[in-house]
Structure formats: structure tokens, C-alpha cells
Amino acid sequence: DTHAIMQSLHSSHRPFSSAGPTSRQGRAAPRAVLSCHAVRPAQARLADACAIAGMLATFAPASLASELLDTTGGSDVSSVTLALGGGVAIAVLGAALIAADPQKRRSEQMQTTGGDENEAVRNYFNGTGFDRWKKIYGETDEVNKVQMDIRTGHAQTVEKVLKWVDEEGGVEGITVADAGCGTGSLAIPLAMRGAAVSASDISSSMASEAQQRFVAAAEASGKVFQTVPKFEAMDLESVKGKYHTVTCLDVMIHYPQDRADAMISHLASLAEKRLILSFAPKTPWLSVLKRFGELFPGPSKATRAYLHTEVDVEAAIQKAGFKVVKREMTATNFYFSRLFEAVRV
């Protein structure tokens, strides 16, 4: 699949001039010349590392590439710093990749849950994943640069949703189901705006944290709520009822396309008027970033991640009887999310 990604990237980028690529500041970026030869099966991951590092050196701005390869920012990532441009960097990358072995990690994960990905996701977000994402979606300064960037990107996506609903007359008195609510980053501001929110998450730890954050926000505001939001632990497939609006942000990354289609169909069946969802878009560049992230998973990054094409997602939405009427894209260095709003036809 690395070869296919390289072909796709080369087909969508013109060769650089003899001056070489430039960084975001306009300075010449260091050029890495990498050579990947045929390898034995035991060295296949090293070949992947070599190829992907080469693609990063070729296609990423120097400032972004160096940060992608700098994984020293926090306790949940590898303590390895790499700089593009030398054989030592590739050797270190290869060694770290062999140690990480994402395929082995996934196999072990599936063995512990009997192949049940929902259970794997639940276990992750009730364990080390909860600690990690609680920090990312919180206000603590105990986050590394990548986590802070993800926090910023996710907050931007939430603000775009709130801007949409405010422009469309607000949500006071309307029913909203926020599926996959996490720590309540969207459910809480919707409730503060007067919506009757039913929020759920596959992780009981996440749902409990969201409940606590709402209580703190409500006390700080001094508002009296006619309807208090509900926060429950359940997977998406178990959400029932009818709601004016159904929201689901940054959850589809845990669903392969066939299950994502079924998930969209189910969420649409709950929505009477409006469906708002976001997903990580599948593009050649983001596929490279995803593959690179898999090489250095860290102990708290233990679930599979799936990218989805806009065409596939929109087709599933249309099949469910909805039409996409608004689109947004949030893109930071490490957070990429396509946002759709759809209304029932």
C-alpha cells in the first residue's frame, strides 16, 4: 500500500525544481535522498519506514516534516527524535518501527476482545485512551505540541457546528442526540444554549467526565435549566429515539467503510430534520500521515483508525434520505476533519 500511496502522491504533485522544496518560511528545505531496496519479510516494516520518511521529506514543508518526526513531546509517544536528511535518521526510524510493529499490536488487541472492534474501542477509552483524550479535550497544560494542535483543531470543528446552529435560529427547546459525545465538547455548549440534549459515548469514563463538566459549567453560569442533558454510556448502534438534530463528531475514524455506512444509516434514522457529522477525509497526503502515525503508536494510541472519502460518506447520507447542504474543513498540522450538515429530503 505504500507503493500505491507513493504513486498517488507523485501523480498529484509536479517534480520540484533544481532549487528543491521550500519550508513555510520560504527557506530552502533539506533534501533527503533515500534508497529502498528489496527486503526480507522480517524487514518489511523498515522498508515502509524508509519509503514514508522519503515521502515526508519530499512532500511536507520542512517545518511540518521535522515536527512529524519529532516524537519527544509527551509521555505517550516514543522518545525518539529524527531529522530528515541522513542515513542515521532512517536507521533510527527503522529501529523504532520494528519495535512498534503496529500489525502485531493490532493482532494482540483483537485477541483480547475476540475480534470485537467495538469492545476494543470501549476498552481503550475506558483506560489509557481516556487519560489521553481527557487531557486533549481539557484545559490542562500537560499536553505536547501534537496534542495541543489536536485540541485546537477539534475546538474549531465544534465552533463551526455552533455557528451553523446559531445562524439557523438556535437550538433552544429542540431535541439533540450527540452520539459519541466524548467529554462533552459539543453536547455541553448545545445544552447551555437551551437544547434538550441526549448525549452518549461508548466509554462510561467519557460519559461520566462529560456529566461532571456540564455540572461545573452550569454552576459557573448560574443558569437554571428547564431540561438537564442526559449523558449515557452506550455505543452508536444502541442509541434510540427520535430527535430534531443528530450530531456525531470525530467518531467515524473508528469505523471501516462498511460499518460507517451502517452507522450513518442508523444515525439518520434517529434524525427528524438535521444530521451533522464529521470524519477524517481520505486523501493521499492524509493516508501518508496516518501510515506514519501507525509506526509510532505509543502505549495510549491503541485503536485502528479509518479514513473515508467524501464521495463514500455523502453517498451513504443520500441513501439514508438526506442531502448535504453545508460543508466545512478543519485542517491544522495534525488534525484534519471534514464536516457535513445534511437535512432530510
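The structure under discussion appears in the preceding block.
Just so it is clear, the model here is predicted, and its values are computed rather than measured. (Residues numbered from 1 in each chain as written. Predicted model: local features only at pLDDT ≥ 70, side-chain atom pairs only at ≥ 80, totals over all residues. Heavy atoms only, no water.)

1. Things to note about the nonpolar core
This is how the line gets drawn: Residues belong to a common nonpolar core when they are buried Ala, Val, Leu, Ile, Met, Phe, Trp, Tyr or Cys residues joined through side-chain atoms within 4.5 Å. Here the term buried applies to any residue with accessible area under 20% of the maximum for its type, exposed to any over 50%, and partly exposed to those in between, with areas from a 1.4 Å probe on protein chains only. A helix here means a DSSP run of H or I that spans at least four residues, while a strand means a run of E at least two residues long, and both kinds are numbered starting from the N terminus.
Ranked by internal contacts, the top residues of the largest apolar core, which has 28 residues, are Val246, Met252, Leu267, Leu277, Val313 and Ile317. Mapped onto this core, the elements with two or more residues apiece are strand S1 (175-179), strand S4 (243-248), helix H11 (257-270), strand S5 (271-279), helix H13 (310-319), strand S6 (322-331) and strand S7 (336-344). Counting residues per element, this core draws most heavily on H11, which supplies six residues. Of all hydrophobic cores here, the second largest spans 26 residues; its members include Val158, Val197, Ala218 and Phe231.

2. Some words on the pairing of S7
The criterion, for reference: Whether two strands pair comes down to DSSP finding at least two bridges between them.
Here S5 pairs with S7 via six bridges, running antiparallel. Paired with Leu275 across the two strands is Ala342, which belongs to S7. The hairpin turn running from S6 into S7, its antiparallel successor, is four residues long.

3. A look at the layout of surface pockets
This is how it is decided: A cavity, in this analysis, means grid points on a 1 Å lattice covering only the protein atoms where a 1.4 Å probe fits yet has no way out; a pocket is instead an open set bounded by protein on both sides within 12 Å along at least five of seven lines, and a residue lines either one if it has an atom within 4 Å of a point. Grid points are joined across faces, edges and corners, and a volume is the space filled by probe spheres set on the points. Asp, Glu, Lys and Arg are counted as charged, while Ala, Val, Leu, Ile, Met, Phe, Trp, Tyr, Cys and Pro are counted as nonpolar; the rest, among them Gly, fall into the polar class.
Taken as a whole, the second largest pocket encloses approximately 380 Å³ of empty space. Listed by contribution, the elements that provide at least two residues to the lining of the second largest pocket are helix H8 (145-167) and helix H9 (187-192). With five residues, the top contributor of residues to the lining of the second largest pocket is H8. Split by residue class, the lining of the second largest pocket holds six nonpolar, five polar and four charged.

4. As for helix H10 (residues 204-221)
To keep things clear, this is the line we draw: The span one expects for a helix is its residue count, reduced by one, times 1.5 Å. Residue contacts are defined here by distance: any two heavy atoms, one from each residue, within 4.5 Å place the two residues in contact. Polar contacts, as counted here, are pairs of nitrogen or oxygen atoms within 3.5 Å of one another; within protein the pair requires one atom able to donate a hydrogen and one able to accept it, and residues that are adjacent in sequence qualify only if both atoms are side-chain atoms.
Helix length check: H10 (18 residues) gives 26 Å between terminal C-alpha atoms against 26 Å at 1.5 Å per residue, within 8%. Among all positions in H10, only Met206, Ala207, Glu209, Ala210, Phe214 and Ala218 are buried. In the core, the buried residues of H10 are packed alongside helix H6 (117-126), helix H7 (128-136), H9, strand S2 (196-201) and strand S3 (230-233). In this structure Ser203 caps H10, since a side-chain oxygen of it lies 3.2 Å from the backbone nitrogen of Ser205.

5. Details of the side chain of Thr247
Mapped onto the fold, Thr247 is located in strand S4. Within polar-contact distance, the side chain of Thr247 engages the side chain of Asp178 at 2.8 Å. Once residues within four sequence positions are removed from consideration, Thr247 is found in contact with Val176, Ala177, Asp178, Ala179, Leu186 and Ile276.

6. Points about the side chain of Thr332
Position of Thr332 relative to the elements: it lies in the loop between S6 and S7. A polar contact of 2.6 Å, which involves the side chain of Thr332, links it to the side chain of Asp149. In contact with Thr332, not counting residues within four places along its chain, are Asp149, Gly153 and Gln156.

7. Quick notes on the sheet that holds S1
Applicable threshold: Axis definition: a line fitted to C-alpha atoms, limited for helices to the stretch in contact. Angles are taken between N-to-C directions and run from 0 to 180 degrees.
If you trace the seven strands from one edge of the open sheet to the other, you get S3-S2-S1-S4-S5-S7-S6, paired in mixed fashion. On the outer flanks of this sheet lie S3 and S6, each paired with one strand and no other. The average undirected angle you get between the axes of adjacent strands in this sheet is 15°. Bridge count between S4 and S5: five bridges; the pairing is parallel. Considered in S5, the bridge of Cys248 is made with Leu277. Relative to S6, H8 is tilted by about 145°, and along the sheet it contacts S5, S6 and S7. Packed on one face of the sheet, H11 meets S1, S4, S5, S6 and S7 and runs near 145° to S5.

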